[in-house]
Amino acid sequence: MSQDTFPAHLVREDLRDFAGYSSARTSFAQDGDTPPTRVWLNANESGAPSLADPDGTSRRYPAPQPPALVEAFADLWATTPERVVVGRGSDEAIELLIRTLCRPGGDGVVITSPTFGMYAVSARLHGVPVIDVPQADDEPVWRVDIAAVAAAAREHGARVVFLASPGNPTGSVVPLREIAALTQELADQAVVVVDEAYGEFAAQRSAVTLLEEHPTLVVLRTLSKAHALAGARVGIALAHPDLAAVLRRVQAPYPVPEPVTRLALEALGEPAMRATREHVGQVLRLRDQVGRWLRDLDEVRILYTSEANFFLVRSVDPDALLGTLRRAGIAVRDMRHLPALEDALRITIGTGQEMDALRRAVAGATTIPESPDPLSPLVKESPA
């Protein structure tokens, strides 16, 4: 197999020639020798706009893969549009990969717990076996055992390996050299998927830099975290063009609504990108500050190193800590339902005001003053 070829045998046999649903947008090709179309009567759309949408911008079905948005993502990651698949958050990309590559009742996916729950959920919804290779708890970091992952994938005939980097809820990254080695080791059998939902907060460069050398590598990114558009549900898979083409055929039609496309394009414009970079810098500074005082709390047994916008915390009395925070009106994620995290919570790095509220709550303050400015950094930065 050449380095620039995606192995077609990794795609489900029954989907290799699958054409997918031919929507009104995909089946209509404008002939360059004919006049531009002025009257659109091919998709059973409304001829008049809604009162809720007086300009009619949402009257027509959107492009299945909005060209401007695909181009914007390709520019952002210095790649080609043929590698970009846009969908409804990273969750859809996860589901598409399992649906495309794994036969129901056969093959399998490898996960490394503790990790993002949707990998296993999507696999089980498709009747695909889940092989778990638990991470090593090397306090204060978590480590994926790449050799064990490769061995398990071989033993069980797995078709997809999911690596979250930075991990959720661990906050740890998988070194790029290990990602490259695993992808190369399994290139004849499995696709390695690196989920970089929190990649903007990590010091390590993106696994996107490995795509050209490794046809069986896929990288997931999202606008939900650093870009602050969780409610818009925009995620992408960056993959070899041959695999990306199959994912688009398998994908349900019209995955990105027109208003979401406009919002995403604005988020990827330079003014918003500049603000996002500033926001990420603020989160990183807050993360350092919050980490210092969380580590010193009597209630905290272990504070794991994080390269994301959250901390995984083991508490000496998680029930008491959760109760304290709930009484203060503060919600954190209870992780005790996951294996090996029977005493753990996950705490997001919010605004300075929110972090100050957290600190006051665990310090025993009963009243937390509200700031008229929700972005005001009440956790003061240390002098330079």
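Our structure's up above, just so we're on the same page.
Below is a short write-up of the structure. (Residues numbered from 1 in each chain as written. Predicted model: local features only at pLDDT ≥ 70, side-chain atom pairs only at ≥ 80, totals over all residues. Heavy atoms only, no water.)

### Quick notes on the overall build of the chain
Helix and strand content of the chain: 11 helices and 13 strands. Taking 2.2 N^0.38 as the reference for a compact globule, 384 residues should give roughly 21 Å; the C-alpha atoms of the chain span a radius of gyration of 23 Å, in line with that estimate. Taking the principal axes of the C-alpha coordinates as reference, the chain spans close to 75 × 55 × 40 Å. Expressed as a percentage of the 384 residues in the chain, the buried residues total 51%. Within the chain, contacts between residues separated by at least 24 positions form 68% of all contacts whose residues are at least 6 apart in sequence. Here the chain has roughly 18,400 Å² of accessible surface; of this, 53% comes from carbon and sulfur atoms. Charge separation in the chain, taken as the distance between the mean sites of 38 positive and 50 negative side-chain charges, equals 3 Å. (Helix = DSSP H or I, 4+ residues; strand = E, 2+ residues; numbered from the N terminus. Rg over C-alpha atoms; globule rule 2.2 N^0.38 Å. Buried < 20%, exposed > 50% of the residue type's maximum accessible area, 1.4 Å probe, protein only. Contact = heavy atoms within 4.5 Å. Areas by Shrake-Rupley, 256 points an atom, 1.4 Å probe, with all protein chains shown as cover. Lys, Arg positive; Asp, Glu negative; His and termini not counted. Charge placed at Lys NZ, Arg CZ, Asp CG, Glu CD.)

### Let's talk about the nonpolar core
Most often, soluble globular proteins have nonpolar side chains that are buried together. Of all hydrophobic cores here, the largest spans 47 residues; its most connected members are Phe73, Val86, Val161 and Leu182. Leave out the neighbours within four places in its chain, and Val86 touches Gln65, Leu69, Val70, Phe73, Val234, Gly235, Ile236, Gln251, Pro255 and Val256. Membership of the second largest hydrophobic core comes to 32 residues, among which are Ile98, Cys102, Tyr119 and Val128. (Core = buried A, V, L, I, M, F, W, Y, C linked by side-chain atoms within 4.5 Å.)

### Looking at the pairing of strand β8 (residues 217–222)
Among the six residues that make up β8, six are buried, leaving the element largely enclosed by the rest of the structure. By the alternation rule, side chains of β8 split into Leu217, Val219 and Arg221 and Val218, Leu220 and Thr222, which are all buried. The sheet contact formed by strand β7 (residues 191–195) and β8 spans four bridges and is parallel. Looking at the pairing, Val193 lines up with Val218 of β8. Here four bridges tie β8 to strand β9 (residues 235–238), and the two strands are oriented antiparallel to one another. When the bridges of β9 are listed, Leu220 appears paired with Ala237. (Pairing = 2+ DSSP bridges.)

### So, the packing of helix α5 (residues 146–156) against helix α6 (residues 176–185)
Working note: a packed helix pair is described by the angle between its axes plus the distance between those axes. Following both chains from N to C, one finds α5 and α6 inclined at 20 degrees, their axes separated by 10 Å at the closest point. Classified by the interaxial angle, the pair formed by α5 and α6 is roughly parallel. Where α5 crosses over α6, the handedness of that crossing is right-handed. Across from Ile146, Val149, Ala150 and Arg154 in α5, the residues of α6 making contact are Glu178, Leu182 and Glu185. (Axes fitted to C-alpha atoms, helices over the stretch in contact; angles between N-to-C directions. Parallel < 35°, antiparallel > 145°, perpendicular 65-115°, else oblique. Left-handed = near helix turned anticlockwise from the far one by under 90°.)

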